[in-house]
Amino acid sequence: RSSIIFMAAGLVCKVLTVFLLAVTSRVPLEMKNVGYNTSDGSLHMETTPTPTLTDGTVLIKVTAAGVNRLDLAQAQGKYPPPPGDSEILGVEVSGVVVEVSPQAEARAGLKKGDKVMALLGGGGYAEYCLAPYQTVMKAPEGVPLSEAAGIPEVFLTAYQALVTNAHLKDGETVLIHAGASGVGLAAIQLCKVLFKGVKIIVTAGSDVKLESCKQYGADVAINYKTQDFAAEVLTATGNKGANVILDFVGASYWEKHVQCIATDGRIVNLGLLGGAQASMNMVPLLMKRVTIMFSTLRMRSLEYKESLTREMSKQVLPHFADGSVRVPVDSTFQLEQAAEAHERMRNNRNIGKLILLL
């Protein structure tokens, strides 16, 4: 009789365990996320319906979300998400897959429980988010999910700029502005692991930031506040100039870029922090046969993003496992502290990535 009682008790425990797991793993109908007021860019916490799975997507329980300057612009009403994407801030996350559409499972082999990171059109500053399978990547070995959120946007942007846009070659010289930003520190590392003999020149606005750039692999570090970066580039290259310039500033730097770009050089513009209106003498650009490109990632087609994601994953992610590339994390904040993270970025105090934790 006692053995029967013990067996019955064991069965009850098993049933209760299965029930509790089912309850605790169930996706809630509502979730917490960060909202914003476009009149002043202020942030606040709110509760909204949890997104529901659609064909070709996975639902991710978010562990961390990367903060990017475009989030600040969106909060001010200056950079809306692509049509059809979530209005919630956040374009890169890491977390655990909790639901998978049949298409995502069949075409990408994704399954519940996978630890992943993803590039999004929007929706990252939340407890749950939808991601198209085309831009979902397995989190690299050795990189905790709390850091993996700092990979998708910045490393895809840096890879696109250096490889897809600029066609950087072994032995060339690259000038990277905003060297201590997330994209800047990612670009420095990619120059080291994807190319041979590339000379890396960076600009930043403080000695502390310049030292960080050197620690990540920069060869020449220029303080743009106290030095003439064009003159310094020419000195560092024997008056040949930089073959590639990654520019986040725009109008206010154009004259100096004309001075320090090499013959057959390529300028890739990734932002307009220094203004969008510029007047320039095009003769030197013509004589030097300079190529000027403007590049974004968020508004690209899903097909393009899929191709870029697969290529970057193959070429770059293995380097995280062996330690030759790392996520340049500046600091972390709880989701409820998103406003503090935005303020830190707005005041240019960060060196590398700011990450929100859930």
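Since the model is a prediction, treat every value here as computed from it, not as a measurement. (Residues numbered from 1 in each chain as written. Predicted model: local features only at pLDDT ≥ 70, side-chain atom pairs only at ≥ 80, totals over all residues. Heavy atoms only, no water.)

Let's shift gears to the sheet that holds strand β10 (residues 220–223). Whether parallel or antiparallel, the strands of a sheet pair through hydrogen bonds between backbone atoms. Taken in spatial order, the six strands make up an open sheet running β10-β9-β8-β11-β12-β13, and their pairing is parallel. Taken across any chain shown, the strands that pair with only one partner, and hence form the sheet edges, are β10 and β13 (291–294). Taking each pair of neighbouring strands and ignoring which way they run, the sheet shows an average axis angle of 15°. Alignment of strand β11 (residues 242–247) against strand β12 (residues 261–269), held across five bridges, turns out to be parallel. Within the sheet, the bridge partner assigned to Ala242 lies in β12 and is Ile261. (Pairing = 2+ DSSP bridges. Helix = DSSP H or I, 4+ residues; strand = E, 2+ residues; numbered from the N terminus. Axes fitted to C-alpha atoms, helices over the stretch in contact; angles between N-to-C directions.)

A full pass over the atoms with the stated rule returns three aromatic pairs. Ring centres 5.1 Å apart and planes at 75° place the aromatic pair Phe155 and Phe320 in the edge-to-face group. Of this pair, Phe155 sits in helix α5 (residues 152–165) while Phe320 is found in helix α11 (residues 302–321), placing the two residues 165 residues apart along the sequence. On the accessibility criterion, Phe320 (6% relative accessible area) is buried. Positioned above the aromatic ring of Tyr304, the side-chain terminus of Arg300 is 4.2 Å from the ring centre. (Phe/Tyr/Trp six-rings, centres within 6.5 Å; stacked < 30°, edge-to-face > 60°. Buried < 20%, exposed > 50% of the residue type's maximum accessible area, 1.4 Å probe, protein only. Lys NZ or Arg CZ within 6 Å of the ring centre and 35° of its normal.)

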